[in-house]
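Read off the chains here:
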Amino acid sequence: MNDDRGNERAEAAARADGEGRPAARAISVGGVLRNGRPAEPSAQDIIFDVQGLRVFYGSFQAVADTTLAIREHEITALIGPSGCGKTTVLRCFNRMNDLIESARVEGTIRYHGADIYGEKVDPVEVRRRVGMVFQKPNPFPKSIYDNIAFGPRIAGFKGNMGELVEQSLVRAALWDEVKDKLKQSAYALSGGQQQRLCIARAIATSPDVLLMDEPCSSLDPIATLRIEELMIELTRDYSIIIVTHNMQQAARVSDRTAFFTVDVKETGMRTGRLVEFDATDVIFTRPNQKQTEDYITGRFG
Amino acid sequence: MTDDRTPHSEIRHRFDTELDGIKHASVALGSLVLENAGRLAEALLESRVDLAQQVIDADDPVDRAYIDLERRVFRVIALQQPVASDLRFLISIIRVAHEIERSGDLVVNCAKGILRQQGFHLGSQMQGVLARLCRAALELFARGIDSLADMDPEAGQRLDHEDDVVDTLVGEFYTLLATEAEGMPVDTAIELSRVGRYMERIADHAVNIGEHIGFAVTGIFPRHGNIDEQ
């Protein structure tokens, strides 16, 4: 801190500042991303441009008007209490909600400028480019090798499958642990290894976005740390959107954080709403909305 | 959601109670130093060697209270993983506690000077300027502690303005000392110049306290802007 205000004042006066005091410019403590990039990149960095997204299940509105932009090679965390719609929003990014009959999505989600809900868009192609890792590791009842090869085979992959499997496992930081037992059942792996296998499986089809729905909630702290390190590593090639209930995890790994809350109407209808979306360090040091502050400091309600 | 909240709120309530306790402990630390500073002013102006010794003796409770406060803050950071305004508050308290503790040490340094000199026996003009300097510096320090008690976001800027008065008085004190030094022993002149310096620093610590409180409340630290511009 200031060791000598008298001297500082003299120096400031020498700089011909009107009042002889150092010119103070108020800025926030935040606004710098995990990797040191500025919080306001150019528009070209936007991979998903979400405008006025609303999600309904029948007549029930699950998510209110949501507008946000997801940037390339970043980790975006979606946080909020149960029922706030964060998982519903996550599932919109690869049209997983299409699998629920009563689900209806309004508004637009542009992926590199193209509306993923456009009439001619094939949801399967969307899901190939936008992979998903679920809360509970869900390997297929197959060998480690076949778990990775399954997706590319279905997609008609004609290249060297062995290479692809190895490359995917290397990227998922699992290769060294499984290279000698590729033919063994995936179920023989630990929970953390199974989750990394699921990540390897997701990246085997060459997506450029990974959606992660509470990927560490069933893992111990060491396995969680490995997944978190892997996520940061993966941002070199992919963009990641993660739903997490673990706010420390959101703070540790993400570049930006979106906080959702749930509005309960008189009819009892509960609708999720985006409250604040900003650089993660802003959200966790100086959030702009009181609801965000109350939630992250544990004082919601 | 109500059912979910009940145990959750109890835990938060305990956390809030601890934050309140930390705030009270930091104000109490400030009050200890302020009280000792008042004792020092009297010792200085009335050449009271006995009071100067009391000032020195009273520093132990200050140090104990400082260490205790620091431990409480570390513990709550480790156990509660605070964020946002809670984190800013706790970080600011650590800083504020340091400013207060340093001010306490400066008060003791002055008292040691009184002991070494067996009291300063000053002429009336010198005595007058020193009295005004002590009053201004200690008033500013008291306002710093007030800003902590009130969590006043504006205090930093205001105290910075008010610090000008102290700096002017320090200048006046040094000018007078330069003319009167000829008639006094060298070591006395040196001790007096230290007193002037310590009073100036105590006032500076008060301004810093105000700025830390502003950061705790608003998340904005004016000095960060200057650093970023360099």
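The rules behind the values
Residues numbered from 1 in each chain as written. Chains lettered and ligands numbered in written order. Predicted model: local features only at pLDDT ≥ 70, side-chain atom pairs only at ≥ 80, totals over all residues. Helix = DSSP H or I, 4+ residues; strand = E, 2+ residues; numbered from the N terminus. Buried ≥ 20, exposed ≤ 12 C-beta atoms within 10 Å, placed from the backbone. Contact = placed C-beta atoms within 7 Å. Expected span 1.5 Å × (residues − 1). Arc of directions from axis to C-beta. Core = buried A, V, L, I, M, F, W, Y, C linked by C-beta atoms within 7 Å. Axes fitted to C-alpha atoms, helices over the stretch in contact; angles between N-to-C directions. Parallel < 35°, antiparallel > 145°, perpendicular 65-115°, else oblique. Nonpolar A, V, L, I, M, F, W, Y, C, P; charged D, E, K, R; others polar. pLDDT = per-residue confidence, 0-100. Pairing = 2+ DSSP bridges.

Chemist: Which parts of the structure should I look at to understand the overall build of chain B?
Modeler: Counting its secondary structure elements, chain B contains eight helices and zero strands. Its helices and strands in sequence order give chain B the pattern α-α-α-α-α-α-α-α, from N to C terminus. Dimensions of chain B, computed from C-alpha atoms along their principal axes, come out at roughly 80 × 40 × 25 Å. Here chain B holds 230 residues, and 41% of them are scored as buried. The long-range share in chain B, meaning contacts at least 24 apart out of those at least 6 apart in sequence, stands at 83%.

Chemist: Just to check I follow, could you spell out helix H3 (residues 59–80) of chain B for this structure?
Modeler: Owing to its 3.6 residues per turn, the α-helix aligns residues three or four sequence positions apart on the same side. All names here are of chain B. Between the first and last C-alpha of H3 there are 31 Å, a value that for 22 residues agrees with the 32 Å anticipated at 1.5 Å per step. Those residues of H3 not exposed but buried are Val62, Ala65, Tyr66, Leu69 and Val73. Across the axial projection of H3, the buried residues extend over an arc of 105°, all falling on one side. Pointing more than 90 degrees away from the buried face of H3 are the exposed residues Asp60, Arg64, Ile67, Arg71, Phe74, Arg75, Ala78 and Leu79.

Chemist: Where do I start with the nonpolar core in this structure?
Modeler: As a rule of thumb, soluble globular proteins bury nonpolar side chains together. Residues and elements named next belong to chain B. Counting residues in each nonpolar core, the largest one holds 135 residues, and the members touching the most others are Leu44, Leu133 and Ala137. Looking at this core element by element, the count peaks at 14 residues for helix H4 (residues 84–117). The residues contacting Leu44, other than those within four sequence positions of it, are Cys110, Ile114, Phe120, Leu130, Cys134 and Val195.

Chemist: How do you make sense of helix H4 (residues 144–154) of chain A when you look at a structure like this?
Modeler: Residues of H4(A) that are buried: Ile144(A), Asn147(A), Ile148(A), Ala149(A), Gly151(A) and Pro152(A). Where H4(A) is buried, its residues contact helix H5 (161–171), helix H6 (175–178) and helix H7 (191–204) of chain A.

Chemist: Sorry if this is basic, but what is going on with the packing of helix H6 (residues 155–180) of chain B against helix H7 (residues 186–218) of chain B here?
Modeler: In helix packing, the relevant descriptors are the interaxial angle and the interaxial distance, both defined with respect to the helix axes. Residues and elements named next belong to chain B. Here H6 crosses H7 at 175°, and the two axes come no closer than 8 Å. Between H6 and H7, the crossing angle belongs to the class labelled roughly antiparallel. A breakdown of the residues in the contact of H6 with H7 according to their chemical character gives 14 nonpolar, five polar and seven charged.

Chemist: How should I be thinking about the environment of Ile109(A) in this particular structure?
Modeler: Residues and elements named next belong to chain A. Turning to its location among the elements, Ile109 is positioned in strand S4 (residues 103–111). Taking C-alpha positions, Ile109 is 9.8 Å from Ile47, a pair spaced 62 residues apart along the chain. Ignoring sequence-local partners within four residues, the contact set of Ile109 consists of Phe48, Val50, Leu53, Cys92, Phe93, Asp115, Ile116 and Tyr117.

Chemist: So what exactly am I meant to see when it comes to the confidence of the model for chain A here?
Modeler: Should pLDDT be low for a region, the predicted coordinates there are not to be read in detail. Confidence in the prediction of chain A, expressed as mean pLDDT, is 87, and 85% of residues score 70 or more. Below pLDDT 50 for its whole length, residues 7–30 of chain A participates in 40 contacts with residues either more than four positions away or in separate chains.

Chemist: Help me out: how do you make sense of the pairing of strand S1 (residues 46–57) of chain A in this one?
Modeler: A regular strand places its side chains so that they alternate between the two faces of the sheet. Residues and elements named next belong to chain A. Sheet topology places S1 next to strand S2 (residues 60–71); eight bridges connect them, and they run antiparallel. Bridge pairing in S2 places Phe56 opposite Gln61. Where S1 folds back on S2, the antiparallel hairpin that results is connected by two residues, among which Gly58 adopts a positive phi of roughly 65°. Inspection of the sheet shows S1 paired to S4 by eight bridges, in the antiparallel sense. Paired with Tyr57 across the bridge in S4 is Ala103.

Chemist: Would you mind showing me how to read the environment of Gln193(A) here?
Modeler: All names here are of chain A. Residue placement: Gln193 occurs in helix H7. When the 21 C-beta atoms within 10 Å are taken as the criterion, Gln193 is described as buried. Measuring from C-alpha to C-alpha, the distance between Gln193 and Leu174 comes to 7.0 Å, with 19 residues separating the pair along the chain. Aside from chain neighbours lying at most four places away, what touches Gln193 is Leu174 and Glu177.

Chemist: Hey, could you run me through unusual backbone geometry in this one?
Modeler: Residue and element names in this part refer to chain A. In this structure, His112 takes a positive phi of about 50° despite not being glycine. Within the fold, His112 resides in the loop between S4 and strand S5 (114–115). A positive phi angle is found at Glu214, which is not glycine, with a value near 45°. As for its placement among the helices and strands, Glu214 is situated in the loop between strand S7 (209–213) and helix H8 (221–234). Taking the C-beta count within 10 Å as the criterion, Glu214 has 19 such neighbours and is therefore assigned partly exposed.

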